[in-house]
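Chain by chain, the residues:
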Amino acid sequence: MKDKYSLTRSEKEIMELLWETGRSMSSKAILDYFNEHCGKDWKKQTLNTFLSSLFQNGFIERTSEERRYLYAPAVMEKEYKQKEAEQFIRDSYSGSFLNFVSALSGGELISWEEAEEIRRLIEEDRL
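Residues numbered from 1 in each chain as written. Predicted model: local features only at pLDDT ≥ 70, side-chain atom pairs only at ≥ 80, totals over all residues. Heavy atoms only, no water.

(A) Looking closely at the pairing of strand E2 (residues 60–65). Two strands pair when backbone bridges link them, and E2 and strand E3 (residues 68–73) are joined in this way by 6 bridges, in the antiparallel orientation. Paired with Thr63 across the bridge in E3 is Leu70. What sits between the antiparallel neighbours E2 and E3 is a turn of 2 residues, in which Glu66 has the positive phi angle 50°. (Pairing = 2+ DSSP bridges. Helix = DSSP H or I, 4+ residues; strand = E, 2+ residues; numbered from the N terminus.)

Take a look at the structure:
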């Protein structure tokens, strides 16, 4: 898995499709979906470039079946979003969750209820 959790817009769209379908898909099925349902005009080579990058960076798995590859997520959506958020806080707020919350609140004090909810979420995540 790569250290940076940044995906191009197209790579993220492919991941979202794979997460949503919850099954392995052939490159043809992926290409057909984007060209027919999303208004893309991707060529086979364009999609293969995206899939190759996702595979090389550990985001998808590739299995061979009947002389074709099937693609499935190697990273679940929740894990990706968590790592992406961690990277954002690390890159934008020097890794400080407190600095992030402060910026998010616009420098205003947060309510006691909001503080308790944040505390509860942090405690749940630590278990």
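That shown, we press on.
(B) Here's a closer look at helix H2 (residues 27–37). Listing the buried residues of H2 in full gives Ser27, Ile30, Leu31 and Phe34. In a view along the axis of H2, the buried residues occupy a sector of 95°, so they form one face of it. Exposed side of H2, more than 90 degrees from the buried face: Lys28, Glu36 and His37 are the residues found there. Lining the buried residues of H2 we find helix H1 (9–21), strand E1 (25–26), helix H3 (44–56) and E3. Gly39 sits one or two positions beyond H2 and adopts a positive phi of about 70°. (Buried < 20%, exposed > 50% of the residue type's maximum accessible area, 1.4 Å probe, protein only. Arc of directions from axis to C-beta. Contact = heavy atoms within 4.5 Å.)

(C) Structural context of the pairing of E3. Pairing analysis gives 2 bridges linking E1 to E3, with the strands arranged antiparallel. Residue pairing across strands places Met25 opposite Tyr71, the latter belonging to E3.

(D) Seen up close, H3. Between the first and last C-alpha of H3 there are 18 Å, a value that for 13 residues agrees with the 18 Å anticipated at 1.5 Å per step. The complete set of buried residues in H3 reads Leu47, Phe50, Leu51 and Leu54. Down the axis of H3, the sector holding all buried residues measures 95°, keeping them to one side. Turned more than 90 degrees away from the buried face of H3 sit Gln45 and Gln56, all of them exposed. In the core, the buried residues of H3 are packed alongside H1, H2, E2 and E3. Once H3 finishes, Gly58 follows within two positions and takes phi at roughly 80°, a positive value. (Expected span 1.5 Å × (residues − 1).)

(E) Seen up close, unusual backbone geometry. One non-glycine residue, Glu66, lies in the positive phi region at around 50°. With a phi close to 65°, Arg67 is a non-glycine residue in the positive phi region. In this structure, Arg67 sits in the loop between E2 and E3. The exposure class of Arg67 is exposed, given its relative accessible area of 87%.

(F) Layout of the packing of H1 against H2. The interhelical angle for the contact between H1 and H2, taken along N-to-C directions, is 110°, at an axis separation of 11 Å. It follows from the interaxial angle that H1 and H2 lie roughly perpendicular. Once H1 is placed against H2, the crossing between them reads as right-handed. Contacts from Glu13, Ile14, Leu17 and Leu18 of H1 reach H2 at Ile30, Tyr33 and Phe34. Residue composition of the contact of H1 with H2, by class: 6 nonpolar, no polar and 1 charged. (Axes fitted to C-alpha atoms, helices over the stretch in contact; angles between N-to-C directions. Parallel < 35°, antiparallel > 145°, perpendicular 65-115°, else oblique. Left-handed = near helix turned anticlockwise from the far one by under 90°. Nonpolar A, V, L, I, M, F, W, Y, C, P; charged D, E, K, R; others polar.)

(G) Quick look at the environment of Lys83. In this fold, Lys83 is placed in helix H4 (residues 77–92). For the pair Lys83 and Ser6, spaced 77 residues apart in the sequence, the C-alpha separation amounts to 9.6 Å.

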